[in-house]
Amino acid sequence: MSAQPLVVFSPLPPRRSGIAAYTAELLPALCEGGPVTVVNEEGLTPAVAAELPDCGGALRVLSLAEYQAESQAEPALQALPHVYQIGNNADHVFVYKAFRRRPGLLVQHDFNLHYLVEDVTLVRGDAEGYRAVLQEEYGEPGSTLAMLRRAGVFSEAQKLSLPLNRHLLRQAHGVIVHNHWIHDRLPVELRGSACVVPHHYSPAVASVAGLSAAQARQCHGLPAEPFLFLSLGFITPPKQIQAALWALGQLRQRGRQFRYVIVGERNAGFDIDAHIRRHGLEDWVTVTGYAPEADFFEYIVAADALINLRHPTVGESSGTLVRALALGLPAVVHNFGPSSEYPDDTVLKVPLELGSPDALAATLDTLLTHAELRQTLGARAARYIRAHCSVQHSAQAYRAWLTRFPQPAR
């Protein structure tokens, strides 16, 4: 395949965004196929430059303002294939607006984009813009819903039932998603232009090669014993940390010895400490707060098992899960949503239990007491992820899809 320059719209580190990290990880492999221009809001600030990987001179970073100025001076830039990394949060407002002006290949990390549309419109005082999107998606009923919301008739549950993604999908010159859960929910007429590219694991897993669990625990002041359960990422109710604490509370009552480390930023809207106290786990649980990426990998090496649950889901594939699996950490996931798509011999799947998660407690107990199962499960997971979820695989799929769905010159 001949070298093909690309333009990629995405947030970049040091933004605390999984998609920012995803894009940065992908860039060296993507640059092997041709030069890449990344457009973010900040441009190439010293903080951004410090986080970028070495791409052998094939990468440049422009701010949104620089891109707009260069597009006017050099129209050829607009004619290059454009790739847009879209997620369901405010970091992607500039990506959303740019895509609407000049569509391209849409990489949809979340099925539901309602929060993003809110950030584009309502958060900025643009109630009419919100109404226009709902009308574009759902016709007059959508317009009525938006006007009712303006009048105060609204439920947060509507955000889960109104994903607000079709207006983007209809514009896209090809779509990439990370799992079949999203693909199977796309409009039937658009599935032919969408492909599934599994979320890759970070090449930075190599940074902890040779690091033992004992060394990793010592790095973070963790005791050599006992068993260590781990959860990763920003602490939100959908990550079901509250269910994990309930299950671990059951293990404590059975006399099991363990520690549970939650590596992630606290959430002002979710009192994690209250849940810890409710189950009498104050001396059993550590909440680290936000941790840099290097610490993430060290905690994965230090741990014995990962608890990675998600309900409700908006279709996101967990980047922290794929990193942990690449390092051979056995994981417990919900047999629901994107995580259910992993082969049965690579993760332990538990049913979605909205009351008392007894099956989760039993599974965690099994992991704690069966070392051979942990070793076998972790080894199979690492082999599978490294064989199917590399950044090279992702980059090749991107370029192949761009070839199949060429974008018209502007």
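Refer to the structure printed above.
Reference entry: report on the structure contained in this document. Given the structure is predicted, the values throughout are model-derived calculations rather than measurements. (Residues numbered from 1 in each chain as written. Predicted model: local features only at pLDDT ≥ 70, side-chain atom pairs only at ≥ 80, totals over all residues. Heavy atoms only, no water.)

### Comments concerning the state of the cysteines
What makes a disulfide is a covalent bond joining the sulfur atoms belonging to two cysteines.
Then step 1. Inspection of the entire model under this criterion finds zero disulfides.
Then step 2. Cysteine C389 remains unbridged, with the sulfur of C195 as its closest cysteine sulfur at 14 Å. (Disulfide = S-S within 2.5 Å.)

### Observations concerning the nonpolar core
Then step 1. With 36 residues, the main nonpolar core has F9, Y67, I86, Y96 and L106 as its most contacted residues.
Then step 2. Of all the elements, helix α5 (residues 93–101) adds the most residues to this core, at six residues.
Then step 3. Discounting chain neighbours no more than four positions away, the residues touching F9 are V39, L64, Y67, H82, V83, Y84, Q85, F94, V95 and A98. (Core = buried A, V, L, I, M, F, W, Y, C linked by side-chain atoms within 4.5 Å. Buried < 20%, exposed > 50% of the residue type's maximum accessible area, 1.4 Å probe, protein only. Helix = DSSP H or I, 4+ residues; strand = E, 2+ residues; numbered from the N terminus. Contact = heavy atoms within 4.5 Å.)

### Description of the sheet that holds strand β13 (residues 348–350)
Then step 1. Taken in spatial order, the six strands line up as β10-β9-β8-β11-β12-β13 in an open sheet, and their pairing is parallel. This sheet does not close on itself; its edge strands, each paired only once, are β10 (285–287) and β13. Along the sheet, successive strands turn relative to each other by an average axial angle of 25 degrees, direction set aside.
Then step 2. Bridge count for strand β9 (residues 258–263) against β10 is three bridges, and the pairing is parallel. (Pairing = 2+ DSSP bridges. Axes fitted to C-alpha atoms, helices over the stretch in contact; angles between N-to-C directions.)

### Brief notes about the sheet that holds strand β7 (residues 194–196)
Then step 1. The strand order β3-β2-β1-β4-β5-β6-β7 describes an open sheet built from seven strands, whose pairing is parallel. Each edge of the open sheet carries a strand with a single partner, namely β3 (59–63) and β7. Each adjacent strand pair in this sheet contributes to an overall mean axis angle of 20 degrees, direction not counted.
Then step 2. Here strand β2 (residues 36–40) runs beside β3; their pairing, made up of five bridges, is parallel. The residue bridging V38 from the neighbouring strand is V61, located in β3.

### Structural notes on the packing of helix α1 (residues 18–31) against helix α19 (residues 391–404)
Then step 1. Where α1 meets α19, the closest approach of the two axes is 8 Å, and the angle between their N-to-C directions is 75 degrees. Between α1 and α19, the angle is such that the two are roughly perpendicular. Where α1 approaches α19, its residues Y22, E25, L26, A29 and L30 are matched on the opposing element by V391, Q392, S394, A395, Y398 and R399.
Then step 2. Grouping the constituent residues of the contact of α1 with α19 by class yields seven nonpolar, two polar and two charged. (Parallel < 35°, antiparallel > 145°, perpendicular 65-115°, else oblique. Nonpolar A, V, L, I, M, F, W, Y, C, P; charged D, E, K, R; others polar.)

### Side note on the side chain of D110
Then step 1. Looking at the element boundaries, D110 is found in the loop between β5 (105–108) and α6 (114–120).
Then step 2. Of the side chains with opposite charge, R310 comes closest to the buried, unpaired D110, at an N-O distance of 6.7 Å.
Then step 3. For D110, the side chain forms a polar contact with the main-chain nitrogen of N88, separated by 2.8 Å.
Then step 4. Setting aside its immediate chain neighbours within four residues, D110 contacts I86, G87, N88, I182, V314 and E316. (Lys, Arg positive; Asp, Glu negative; His and termini not counted. Salt bridge = Lys/Arg side-chain N within 4 Å of Asp/Glu carboxyl O. Polar contact = N/O pair within 3.5 Å; in protein donor to acceptor, adjacent residues only side chain to side chain.)

### Looking at the pairing of strand β4 (residues 82–86)
Then step 1. A large share of β4 lies buried, amounting to five of its five residues.
Then step 2. Residues of β4 alternate between two faces, with H82, Y84 and I86 on one and V83 and Q85 on the opposite face, all of them buried.
Then step 3. Where β4 meets β5, four bridges bridge the pair, whose relative direction is parallel. The residue bridging Y84 from the neighbouring strand is L106, located in β5.

### Concerning the packing of aromatic side chains
Then step 1. Going through the model one piece at a time under the given rule, you end up with eight aromatic pairs.
Then step 2. Between F9 and Y67, the ring centres sit 5.0 Å apart and the planes meet at 85 degrees, which makes this aromatic pair edge-to-face. Taken together, the residues span a long stretch of sequence, with F9 in strand β1 (residues 6–9) and Y67 in helix α3 (residues 64–73) at a distance of 58 residues. Across this residue pair, the class does not change: F9 and Y67 are buried.
Then step 3. Seen from their ring centres, F227 and F229 are 4.6 Å apart, and the 55 degrees between their planes marks the pair as tilted. As far as the burial class goes, F227 and F229 line up, both buried.
Then step 4. Chaining the aromatic ring pairs together yields one cluster made of F9, Y67, Y84 and F99.
Then step 5. Taking NZ or CZ as reference, R16 lies 3.6 Å from the ring centre of Y290, over its face.
Then step 6. One Lys or Arg, R185, reaches over the ring of W181 and ends 3.8 Å from the middle of that ring. (Phe/Tyr/Trp six-rings, centres within 6.5 Å; stacked < 30°, edge-to-face > 60°. Lys NZ or Arg CZ within 6 Å of the ring centre and 35° of its normal.)

### Comments concerning the pairing of β2
Then step 1. In terms of burial, β2 is largely enclosed, as five of its five residues are buried.
Then step 2. Residues V36, V38 and N40 line one face of β2 and the alternating positions T37 and V39 line the opposite face, and both faces are buried.
Then step 3. Pairing between β1 and β2: four bridges, direction parallel. Among the inter-strand pairings, V7 is bridged to a residue of β2, identified as T37.
Then step 4. Once the chain exits β1 it traverses α1 before rejoining the sheet at β2, and the crossover so formed is right-handed.
Then step 5. Between the parallel elements β2 and β3, the chain passes through helix α2 (residues 46–51) in a crossover that is right-handed. (Right-handed = clockwise from strand over helix to strand, strands pointing away.)

### Some remarks on the environment of L168
Then step 1. The residue L168 is located in helix α10 (residues 166–169) in this model.
Then step 2. With 134 residues separating them in the primary sequence, L168 and G34 have C-alpha atoms 27 Å apart.
Then step 3. Dropping the residues within four chain positions of it, L168 is found in contact with Y96, F99, R100, L106 and L113.

### Observations regarding the pattern of salt bridges
Then step 1. All chains considered together, the criterion is met by 18 salt bridges.
Then step 2. Linking K159 and E118 is a salt bridge whose minimum nitrogen-to-oxygen distance equals 3.1 Å. Separated by 41 residues along the polypeptide, K159 in helix α9 (residues 158–161) and E118 in helix α6 bring together distant segments of the chain. Accessibility assignment for this pair places K159 and E118 in one class, buried.
Then step 3. The structure contains a network of salt bridges with shared partners spanning R15, E41, E42 and D91.

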